[in-house]
Amino acid sequence: MSSTGVIESEETIELPLVQVDDILKVLPGDRVPVDGKVVSGRSAVDESMLTGESLPVPKDVDDVLLGGTLNQTGMLLVKATHIGADSTLSQIVKLVEDAQTSKAPIQYYADYIASRFVPGIVVLSLLAWIVWVIIGYTDPHVIGDSCVLSSGAPHTTTNTTNSTGKSDDVSARCIIENAFLYAVTVLSIACPCALGLATPTAVMVSTGVGAKRGVLIKGGEPLETTHKVKYVVFDKTGTLTYGKPRVVNFQLAGPAATSKLGLADKVKRALAVIGSAESGSEHPLGVAIVDHAKEELTITSMGQVKNFQAVPGCGMKCTVIDVKRLLSADTAGSGQGDSSNDLMDADVTDSSVYDVLIGNREWMRRNEISTKTVASEDMERFESQGHTVVLAAINGRLTAVLAIADTVRAEAMTAVATLKSLEITPVMLTGDNYRTAKAIAGQVGIDNIFAQVLPSHKLQKVKELQEGLQLGDEEKETDENQVVAFVGDGINDSPALAQADVGIAIGSGTNVALEAADIVLIKNNLMDVVAAIGLSRATVRRIRLNFLWAVVYNFIGIPIAAGVLEPAGVSIRPWMAAAAMAMSSVTVVCSSLLLRFWRPPKGIDPSTLPRSRALTKMPLASDDVESSSGKQNVALLTSYNKLKEVTQSNGFH
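How each quantity is defined
- Residues numbered from 1 in each chain as written.
- Predicted model: local features only at pLDDT ≥ 70, side-chain atom pairs only at ≥ 80, totals over all residues.
- Heavy atoms only, no water.
- Helix = DSSP H or I, 4+ residues; strand = E, 2+ residues; numbered from the N terminus.
- Buried < 20%, exposed > 50% of the residue type's maximum accessible area, 1.4 Å probe, protein only.
- Areas by Shrake-Rupley, 256 points an atom, 1.4 Å probe, with all protein chains shown as cover.
- Phe/Tyr/Trp six-rings, centres within 6.5 Å; stacked < 30°, edge-to-face > 60°.
- Salt bridge = Lys/Arg side-chain N within 4 Å of Asp/Glu carboxyl O.
- Contact = heavy atoms within 4.5 Å.
- Pairing = 2+ DSSP bridges.
- Axes fitted to C-alpha atoms, helices over the stretch in contact; angles between N-to-C directions.
- Parallel < 35°, antiparallel > 145°, perpendicular 65-115°, else oblique.
- Expected span 1.5 Å × (residues − 1).
- Bend = angle between axes of the 7 residues up to and from the residue.

**Q** Help me understand the overall build of the protein chain in this model?
**A** A count of helices and strands for the protein chain gives 21 helices and 25 strands. Out of the 653 residues in the protein chain, the part that is buried amounts to 48%. Of the accessible surface of the protein chain, which amounts to about 30600 Å², a share of 54% is contributed by carbon and sulfur atoms.

**Q** Is there a simple way to think about the packing of aromatic side chains in this case?
**A** Each aromatic ring pair is characterised by the separation of its centres together with the angle its planes make. Overall, the coordinates contain two aromatic pairs when judged by the stated rule. Ring centres of W132 and Y182 lie 4.3 Å apart, and the angle between their planes is 10°; this geometry places the pair in the stacked category. Here the residue W132 occupies a position in helix α3 (residues 109–138), and Y182 occupies one in helix α4 (residues 172–189), the gap between them amounting to 50 residues. On the basis of relative accessible area, W132 is assigned to the buried category, the value being 4%. Here the aromatic rings of W549 and Y553 are separated by 6.1 Å at their centres, their planes lie at 35°, and the arrangement is tilted. Of this pair, W549 and Y553 are both found in helix α19 (residues 527–561), four residues apart, which corresponds to roughly one turn of the helix.

**Q** Would you mind going over the pattern of salt bridges with me for this structure?
**A** Between side chains of opposite charge, a pair can form when the charged atoms approach closely. The final tally for this structure, using the stated rule, is 13 salt bridges. Put simply, D235, K458 and D493 are held in one network by salt bridges that share partners.

**Q** How do you make sense of the side chain of S206 when you look at a structure like this?
**A** Topologically, S206 is positioned in helix α5 (residues 192–212). Setting aside residues up to four positions removed in sequence, S206 forms contacts with L223, L535, T539 and L595.

**Q** Looking at this structure, how should I read the pairing of strand β1 (residues 23–26)?
**A** Residues in a regular strand project their side chains so that they alternate between the two faces of the sheet. Where burial is concerned, the two faces of β1 differ: the one with L24 and V26 is buried and the one with I23 and K25 is not. Pairing of β1 with strand β7 (residues 76–82), which is carried by four bridges, proceeds in the antiparallel orientation. By the bridge assignment, K25 is partnered in β7 with L77.

**Q** Any chance you could explain the sheet that holds strand β4 (residues 57–59) here in plain terms?
**A** Strand pairs in the sheet, formed through backbone hydrogen bonds, run parallel or antiparallel to each other. Ordered in space as β4-β3-β6, the three strands form an open sheet in which the pairing is antiparallel. The sheet is open, and its two edges are formed by β4 and β6 (70–71), each paired on a single side. Relative to β6, strand β3 (residues 43–46) is paired through two bridges, and the arrangement is antiparallel. Considered in β6, the bridge of V45 is made with N71.

**Q** What am I meant to see in the packing of helix α14 (residues 412–421) against α19 here?
**A** Angle between the axes and distance between the axes are the two parameters that describe a pair of packed helices. Put simply, α14 and α19 touch, their axes get as near as 8 Å, and they point 30° apart. In this view, α14 runs roughly parallel relative to α19, as classed from their interaxial angle. Counting all contacts with α14, which are made through T414, A415, T418 and L419, the residues of α19 involved are M527, V530 and I533.

**Q** Help me understand α5 in this model?
**A** Each turn of an α-helix holds 3.6 residues, which means side chains three or four residues apart point in the same direction. Compared with the 30 Å implied by 1.5 Å per residue over 21 residues, the 31 Å span of α5 between its first and last C-alpha is a close match. If you look at α5, its biggest bend is around 35°, right at A198, and the proline P200 turns up within four residues after that. All of the buried residues in α5 are A194, L195, A198, T199, T201, A202, V203, V205, S206, T207, V209 and G210. Just past α5, the residue G214 takes up positive phi, approximately 85°.

None of the figures reported here should be taken as evidence of function without further support.
Below you can see the structure in the form of C-alpha cells.
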C-alpha cells in the first residue's frame, strides 16, 4: 500500500505469516485475523465474543479492531498491531490457563480419616487382645464358662476359686483364644467403608439427579463448593439476556399515527414494508426487525427489495414492491384512496411501490425527513432504558419508531429474587456500556453492577470479591475469603469462569466457556443456577448425615465388639459384627439414594422482596479505575475503544 493509500499489490497468506504493520483486507462477513487499527473503510463489527456488547460497534479510520471479532457491513483495511501471543484472544486464553492452575485443591476429609482409620482399628484390635489376655490371667472368671475345663489338661493352668466356692481351671490356650475372638470382632465390626462411601455415593447420586434436570456438574469438588457461595456474578449479554436484539416497541409516527385506518391494519402495513426493506440487510438490528415482522404477520417470506443501499453507522434505503401478498385482503384493501402509493391512505396493490429509509436521526436529517412529529420524551425514554431507537420513513414521511434491545430472559428476575431469599448477593459484570447495564440490572433486580469491563478486569473483580471486598456505598474488606460463583457464556467470560470458585456456563455458550466452567446449564435456564446451589446444599447435608451415621456406628459398635459391656452380659460374636458392618455400608448407600427424591427450590416472586438499596454504580463503570498493574488510575471511560487503548498502554493487548 502506497503512502497515498493506493493498494499496489495483493496476496493471500496464512495467518501465522502475518507480521506487525502488515495491511490486511477484511471483507464483510470475515473475522478480523489479528488485533489492529483501521486505516481505510467504514463498517460495523460484532465484538460480542470479546466485550459482551450485544450490538455491532461502528468502526472508522484509526479505530481499534480485535482479532476474532466479526466484520459485518463494509470492507476494511487493517494495520496489524498485535499478533500471536500478544493478541487479545491469546491473552484471554492465557488468563484462563493461569486461573485454572492457580485453584487450590479442596481437602477431602473423608479420605484423610479413612486412610488413618484402618491402622487405628488394627491398633485397637491388638489392644483388645492384650487387655483380654491380661484379664484372663488376672481375673479368669470374667471370661465365663466357655473356657472352663471339665478335667485337667497338659497345659499351664490357673486355679482360682470364685465367690461361690467353685474352682475354675482356665487354660492359657482358652485365654488367648477368647482374647483373639474379641480382637477379630473389633476388626469385623469396624467399618471404614461407611466413611469411604459417605461422599462418593452422595456425589454420584447428586450428579445424576442434576444431569436429569439439566444441570451438568463436573465432579465432586464444584458440587461440594457450591453450597458455600456468597456472591453470584452474572454476565449480561447471553446470560441475563438472550444475547439477540429484539424489537421491544413499535410505535407509529407522523401522518401514519393519525390515519383513519384501523390501528391493527396500520401496524401490519408498516411492518410489511419495513420488514421487507430490512430483509436485504445482514445487520443484527435489521434481522431483529425482519424476525419481528414475520412473527407479527405470521409469514415466512417478505416483499421484494430493489436499489438497496446501506451506510454504516447511519442506516439504509431501498425500494420495496410486492407487499400486497403479505397482507390479508381486509388489511390491503381498506385504505381510503386508490391511486396513490401512500401506505396508509391508499389501497395496497400489486403495483404499489414504496421508497423506504431506515436508520438513526442523522440518517433522517441527511435525507430531509422531519422528525419533529416524534415525541422526544418517548425516544429519550427508550434510550434511557438502554434500547436502540430506529426511525423508519416511507415515501418521504416518517412512519414508525422502533425500540430494539437485547431482552431479558423470562426467568432472570425470579432467579435473582430467589438468590436474594437464600442470602446470596447477585452481581452483574458486563463489558457493555453503563446505561444499558443499569437498565438491565433494574429490570432483573440486581443492585450491584460493574460495566465496561474487559476480560482481564472481569477476572480481577472476581478476585476482589473472593478476597472479601464488600459491595456497597463504602467498600471494605472482611477477614475471610468469600466463595464466588460466576455465570457466563462467552469467550470474554472464560477467565472469570476459571477464576471463580464455581464457574457456571450457559449451555448455548462458546466451547471455551463450557470448558472453563465447573457447571453447565444445559437448558439455558437461570433458575438452574438456584437449582445447582440447592442441590449442592442438599448433597452436603446428606454427606454430613452419612458421616454422622458412620461415626456414631463405629463409636458405639467398636466398644461393644471389644467387650466393654461383657460384665453386663452384652457381647457380640464375629459373625454378628460382620453383619452389622455390612448393614452400616448399606445404610449409607440407601441414605445417599434418598437424594433421588430431591426437588429444586421454588422460585420466589420478586414483588415479595424489598429492594435493598438503589443501584450501586461500581468503580469500573463510573469512578476512577485502577488498571490490573495497580500502578495507574485512569479517569472515567465512556467508550470501549478508549478503555482498550488505555489498557493496551499498560501492557494489555
